[in-house]
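Inside the fold
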Amino acid sequence: MITFERVSKIYPGTNIPAIDNVRFEVPEGEICVIIGPSGCGKTTLMRMINRLIPITSGVISIKGQNVSEMDVIKLRRSIGYAIQQIGLFPHMTVYDNIATVPRLLKWDKQRIAARVDELLSLVGLEPDIFRFRYPRELSGGQAQRIGVVRALATDPPVMLMDEPFGAIDPINREVLQDEFLRIQEKVKKTIIFVTHDIHEAIKMGDKIALLETGRLVQYDTPEGLLVNPKNRFVKDFVGADRALKRLDLLKVKDAMMQNPVHCHMEDDAEVVSQHMLENELTFLLVADQNEKLHGYVNHYELKGHHGKVKDLVRPMTITVKPEQNLKDALSKMLSYDIGIVVVVDDDGKLLGVLNTRTLLSVVGETYDERGGVWGKITSRGRI
Amino acid sequence: MIDVKPASSGSDRIWMWIAIGTAFAGGAFVQRMGFFDFVQKNPGEIWKLLLEHIQLVGISSAISISIGVPMGILLTRGFMRRYRDWVLNFLGICQTVPSLAVIAISMTYIGIGPKTAIFALVIYGLMPIIRNAVAGLAGVDQVILDAGRGMGMNSRQLLFRVELPNAMYIILTGIRTSTVINVGTAAMSFLVGGGGLGDLIFTGIAMVDPAYMLAGAIPTACLAVFMNWGFGKIEKWIVSPGLVYD
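None of the values given here were measured: they were computed from a predicted structure.

A few words now on the overall build of chain A. The number of helices and strands found in chain A is 17 helices and 17 strands. For 383 residues, the compact-globule formula gives about 21 Å, and the C-alpha radius of gyration of chain A, at 27 Å, lies well above that figure. With respect to the three principal axes, the spread of C-alpha positions in chain A is 85 × 60 × 35 Å. Within chain A, the proportion of its 383 residues that are buried is 50%. In chain A, the proportion of contacts linking residues at least 24 apart, taken out of those at least 6 apart, comes to 61%. Taking the average location of the 50 positive side-chain charges in chain A and that of its 51 negative ones, the two points are 7 Å from each other.

If you want it as structure tokens, here you go:
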């Protein structure tokens with residue numbers, strides 16, 4: 001979709017290239033995060049796409065069309081543009097701000113009004129309340145949302161975003177990132193996203209392009225960058241806690257043990273108790289006929305009880321969802337001081353369990369410090 | 001839009017009494033000088049000169065604005081930016097020349113009559129307008145210019161939809177300053193036969209007749225105050241409520 005072919009930028013009056021022979025391709029519908037330390041040229045590279053910075057040599061093309069040969073005004077109007085400082089026009093209402101590009105493209109009034117309402121609702125801002133507010137009457141998070149939907153106004157296939165969530169506190173940033181990913185699921189834009197925050201890059205990116213002093217060091221998926229850092233620089237940049245960062249990427253469903261041992265509500269207590277004794281189980285999960293989780297039973301209480309399991313079942317309050325990432329699951333386990341957490345879906349159906357051992361093995365088994373795979377290590381001692 | 005003034009505070013009331021007292025004392029003073037008698041006897045004369053005065057101010061300010069604002073815009077465009085400081089310094093020097101001298105110099109070239117007066121007033125009124133237009137336009141946040149450009153505005157759209165609306169408050173302040181000063185300076189036009197309330201003022205001075213002089217001075221002052229108030233209203237009307245300057 002967007003291709004960079006041997007793109008270079010040398011600012012007048014210098015002979016050190018700000019962008020040096022960069023080549024990569026961003027597939028359609030994906031978020032490509034450009035990241036690197038400050039001064040590495042990431043913003044320069046992004047601004048060359050809509051020609052806010054002229055290209056010195058090489059070709060940037062969108063859908064096979066060389067941007068240098070396109071009409072610059074038309075090019076920019078066809079690309080959504082959101083920047084770190086938001087850049088909302090202070091003299092215009094929210095409505096006028098969002099309507100900027102549609103008006104440049106001469107949309108009729110009804111179409112603009114409908115589109116503005118649609119976009120405001122998309123980011124959870126009530127149109128009737130926010131339509132005629134001025135930027136100074138918005139909170140940081142609200143302004144940032146308007147900045148993003150303004151870039152989305154004409155539904156452009158390509159979007160450029162320069163640290164769009166950079167000016168927001170960490171908590172709101174997470175909220176906005178999640179919201180943006182949810183929107184992206186629907187709209188499937190091709191997005192160039194500049195950031196200096198590796199967490200944000202790993203979270204948002206389908207691909208990550210890591211730059212160092214104008215050179216492209218590694219272009220890979222977040223997973224690839226964490227598991228196979230190409231050199232010392234990449235390794236240092238993604239940080240010594242690569243393993244922990246992978247927890248962000250992996251879902252609970254990737255690490256959980258499926259179909260865990262359990263019993264049913266109507267089972268006979270004595271039978272279950274016997275089974276637990278034989279298998280050295282202190283606790284056992286309890287579900288119903290539809291495999292919906294009801295809680296757990298304790299062997300100590302169960303033994304000697306005559307009747308059904310359901311008489312003694314205790315509720316299970318701490319569970320995780322399969323789509324949550326492992327970092328959330330682990331932090332839940334640590335904060336409640338539990339070694340095991342049960343995975344249920346939205347209807348409460350028992351899907352699996354996650355314990356610290358399975359969790360660590362998933363993170364740990366893929367690579368060691370040098371990137372080699374050790375395979376499964378057992379506790380057999382000397383062989 | 002958002003700011004609501006408290007109905008009446010203690011300090012407001014004190015100022016109100018001071019104003020009333022001053023007006024009363026001033027009224028008593030001008031009465032003793034024979035101002036009201038004079039106005040009653042010559043209402044037509046004062047009215048005619050007031051209209052002349054307004055005409056002088058109106059024409060010269062209109063010309064100043066229509067030269068000054070475009071010049072301010074030009075001086076902030078890329079190709080002219082290098083001349084900016086040069087032009088502003090030059091105008092600053094011009095401003096130090098007394099208004100009387102400007103009128104005198106223009107008289108030597110154009111002769112006497114309202115034309116000379118208007119020419120001098122235009123020259124004298126340009127500086128605040130150009131300076132504020134340049135300051136206002138140069139002060140527009142680079143970030144919103146970048147946003148506008150990135151969204152595909154051409155330079156004309158950027159100027160009219162982003163730069164001018166955001167600089168409008170400062171541009172209008174320049175126009176207001178220039179016009180209010182102009183009301184006072186226009187009294188000098190009597191000296192080159194330009195007419196206006198200066199006729200009464202200077203004649204009054206020459207004849208040592210306070211009533212005569214005040215009949216020119218008081219309407220001039222009132223006109224200046226009214227202009228200032230009027231521009232305040234225009235400002236509220238033109239400048240976007242999204243831009244608040246307190």
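Back to the text.
In this section: the sheet that holds strand β8 (residues 190-195) of chain A. Residue and element names in this part refer to chain A. Spatially, the six strands line up as an open sheet ordered β6-β7-β8-β3-β9-β10, and their pairing is mixed. In this open sheet, the two edge strands, each paired with only one partner strand, are β6 (79-82) and β10 (215-220). The average undirected angle you get between the axes of adjacent strands in this sheet is 15 degrees. Against the sheet, helix α8 (residues 170-187) engages β3 (31-35), β7 (158-162) and β8, with an angle of about 140 degrees to β3.

A separate point is the pattern of salt bridges. It is possible for side chains of opposite charge to pair when their charged atoms get near one another. Residue and element names in this part refer to chain A. Following the criterion strictly, the structure yields 20 salt bridges over all chains and no others. Two residues, R215 and D20, come together in a salt bridge whose shortest N-O distance is 3.2 Å. Within this pair, whereas R215 is found in strand β10, its partner D20 is found in strand β2 (residues 19-26), the two being separated by 195 residues in sequence. Judged by its relative accessible area of 47%, R215 falls in the partly exposed class. Notably, a salt bridge pairs R145 with E179, separated by 2.9 Å at the nearest N-O pair. Of this pair, R145 sits in helix α7 (residues 140-152) while E179 sits in helix α8, placing them 34 residues apart in sequence.

Right, let's talk about unusual backbone geometry for a bit. Residues and elements named next belong to chain A. The phi dihedral of R6 is positive, around 45 degrees, even though this residue is not glycine. Note on placement: R6 falls in strand β1 (residues 2-9). R6 sits in the partly exposed class, given a relative accessible area of 46%. Even without being a glycine, K63 presents a positive backbone phi close to 50 degrees. Along the chain, the position of K63 falls in the loop between β4 (57-62) and β5 (65-66).

Let us now look at the pairing of β1(A). All names here are of chain A. The element β1 is largely enclosed, with a buried count of six among its eight residues. Examined bridge by bridge, β1 and β4 share five bridges and lie antiparallel to one another. What sits directly across from I2, in β4, is I62. Across five bridges, β1 lies against β2 in antiparallel orientation. Residue pairing for β2: T3 is matched across the bridge by E25.

This part takes up the sheet that holds strand β17 (residues 350-355) of chain A. Residue and element names in this part refer to chain A. Strand order in the open sheet formed by four strands is β11-β17-β16-β15, with mixed pairing between adjacent strands. Lying at the two open borders of the sheet, with one neighbouring strand each, are β11 (257-258) and β15 (319-320). Helix α16 (residues 326-336) contacts β15, β16 (340-344) and β17 of the sheet and is inclined by roughly 70 degrees relative to β17.

Now for the environment of S78(A). All names here are of chain A. By the secondary structure assignment, S78 is in the loop between α2 (72-77) and β6. Under the relative-accessibility criterion, S78 is labelled partly exposed at 32%. A sequence separation of 78 residues divides S78 from P156, and the C-alpha atoms of the two residues are 5.7 Å apart. Excluding anything up to four places from it in sequence, S78 contacts P156, P157 and V158. For S78, the side chain forms a polar contact with the main-chain oxygen of L75, separated by 2.7 Å.

This brings us to a nonpolar patch on the surface. Residue and element names in this part refer to chain B. Taken together, the side chains of I105, Y109, I110, F119 and I123 make up a nonpolar region of the molecular surface, amounting to roughly 530 Å² of accessible area. Elements that contribute at least two residues to the nonpolar patch include exactly α5 (99-110) and α6 (114-138). If one sorts the elements of the nonpolar patch by residue count, α5 sits on top with three residues. In this fold, F119 is placed in helix α6. Judged by its relative accessible area of 41%, F119 falls in the partly exposed class.

Residue and element names in this part refer to chain A. Put simply, the largest pocket is a space of about 980 Å³. Lining the largest pocket we find 32 residues, and of these D178, L181, K203, D248 and N325 sit closest to its centre. Taken together, the elements giving at least two residues each to the lining of the largest pocket come down to α8, α9 (198-204), α10 (222-227), α12 (242-249) and α16. A total of nine residues in the lining of the largest pocket trace back to one element, the largest contributor, which is α8. Considered class by class, the residues forming the lining of the largest pocket number seven nonpolar, eight polar and 17 charged.

So, about the packing of aromatic side chains. Residue and element names in this part refer to chain A. Under the defined criterion, the tally for this structure stands at 12 aromatic pairs over all chains. A ring pair is formed by F165 and F180, whose centres lie 6.0 Å apart and whose planes are at 65 degrees; its orientation type is edge-to-face. You can see F165 sitting in the loop between β7 and α8 and its partner F180 sitting in helix α8, a full 15 residues away along the chain. Each member of the pair, F165 together with F180, is buried. Here F283 and Y296 contribute two aromatic rings whose centre-to-centre distance is 5.8 Å and whose plane-to-plane angle is 70 degrees, an arrangement assigned as edge-to-face. Separated by 13 residues along the polypeptide, F283 in strand β13 (residues 283-287) and Y296 in strand β14 (residues 293-298) bring together distant segments of the chain. A relative accessible area of 47% means that F283 is categorised as partly exposed. Of the residues examined, Y296 reaches a relative accessible area of 23% and is grouped as partly exposed. One aromatic cluster is present, formed by F4, F24 and Y219 through successive ring pairs. Sitting over the ring of F130, R133 keeps its end group 4.8 Å from the ring centre. Here the basic side chain of R150 rests over the ring of F89, its NZ or CZ set 4.9 Å away from the ring centre.

Calculation rules
Residues numbered from 1 in each chain as written. Chains lettered and ligands numbered in written order. Predicted model: local features only at pLDDT ≥ 70, side-chain atom pairs only at ≥ 80, totals over all residues. Heavy atoms only, no water. Helix = DSSP H or I, 4+ residues; strand = E, 2+ residues; numbered from the N terminus. Rg over C-alpha atoms; globule rule 2.2 N^0.38 Å. Buried < 20%, exposed > 50% of the residue type's maximum accessible area, 1.4 Å probe, protein only. Contact = heavy atoms within 4.5 Å. Lys, Arg positive; Asp, Glu negative; His and termini not counted. Charge placed at Lys NZ, Arg CZ, Asp CG, Glu CD. Pairing = 2+ DSSP bridges. Axes fitted to C-alpha atoms, helices over the stretch in contact; angles between N-to-C directions. Salt bridge = Lys/Arg side-chain N within 4 Å of Asp/Glu carboxyl O. Polar contact = N/O pair within 3.5 Å; in protein donor to acceptor, adjacent residues only side chain to side chain. Patch = residues over 30% accessible without salt bridge, like charges linked within 9 Å, V, L, I, M, F, W, Y side chains within 5 Å. Areas by Shrake-Rupley, 256 points an atom, 1.4 Å probe, with all protein chains shown as cover. 1 Å grid on protein atoms, 1.4 Å probe; cavity = no way out; pocket = protein on both sides within 12 Å on 5 of 7 lines; lining within 4 Å. Points joined across faces, edges and corners; volume = space filled by probe spheres on them. Nonpolar A, V, L, I, M, F, W, Y, C, P; charged D, E, K, R; others polar. Phe/Tyr/Trp six-rings, centres within 6.5 Å; stacked < 30°, edge-to-face > 60°. Lys NZ or Arg CZ within 6 Å of the ring centre and 35° of its normal.

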